[in-house]
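The chain contents come next:
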Amino acid sequence: MYVLEVMSGPLDGKTWAFEREITIGRDDAVATACITIDRYISRKHARLYEEQDGSLRLADLASRNGTRLAGRPLAAPEPLDLGQPFVIGRTTLRVIHS
């Protein structure tokens, strides 16, 4: 089990638990982790998912403002280490074990 945590931004400290996959966005109809008050986040912005080998991947879902990992935009799904910060809109998040 994983926990997606907001490290900075409008919902600082907010968390969402997930097992294998979670979608991040601004619309709760399509996003499990819904961040409605960051207007730079797309309706359906990014996805975190666990590979069969247990590693995590972060994918941008053709969002308007992109997803940043290690200070650079994500062009394709990339591995994400536990605790590694990433930016969606103006919100910084990370994934930890629960």
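Please read these numbers as outputs of a predicted model, since none were measured by experiment. (Residues numbered from 1 in each chain as written. Predicted model: local features only at pLDDT ≥ 70, side-chain atom pairs only at ≥ 80, totals over all residues. Heavy atoms only, no water.)

Caption draft 1: Molecular detail of the sheet that holds strand 10 (residues 86-88). Taken together, the six strands give an open sheet; going across it, the order is 2-1-11-10-7-8, and neighbouring strands pair in antiparallel fashion. Each edge of the sheet is formed by a strand with only one pairing partner; in this case those strands are strand 2 (15-18) and strand 8 (72-73). As paired strands, strand 7 (residues 67-69) and strand 8 are joined by two bridges and run antiparallel to one another. Counted as the bridge partner of Leu 69 is Arg 72 from strand 8. (Pairing = 2+ DSSP bridges. Helix = DSSP H or I, 4+ residues; strand = E, 2+ residues; numbered from the N terminus.)

Caption draft 2: Here's a closer look at the sheet that holds strand 4 (residues 33-34). The sheet built from five strands is open, its strands ordered 4-3-5-6-9 with mixed pairing. The sheet is open, and its two borders are formed by strand 4 and strand 9 (78-80), each paired with just one other strand. Across two bridges, the pairing between strand 3 (residues 21-25) and strand 4 is parallel. If you follow Ile 24 over to strand 4, its bridge partner there is Ala 33.

Caption draft 3: Quick peek at the nonpolar core. Counting 21 residues, the largest nonpolar core has Leu 4, Leu 48, Phe 86 and Val 95 as its most contacted members. The dominant element in this core, judged by the number of residues it contributes, is strand 1 (residues 2-8), at three residues. In contact with Leu 4, not counting residues within four places along its chain, are Lys 14, Thr 15, Trp 16, Phe 18, Ile 22, Ile 24, Ala 33, Leu 48, Phe 86, Leu 93, Arg 94 and Val 95. (Core = buried A, V, L, I, M, F, W, Y, C linked by side-chain atoms within 4.5 Å. Buried < 20%, exposed > 50% of the residue type's maximum accessible area, 1.4 Å probe, protein only. Contact = heavy atoms within 4.5 Å.)

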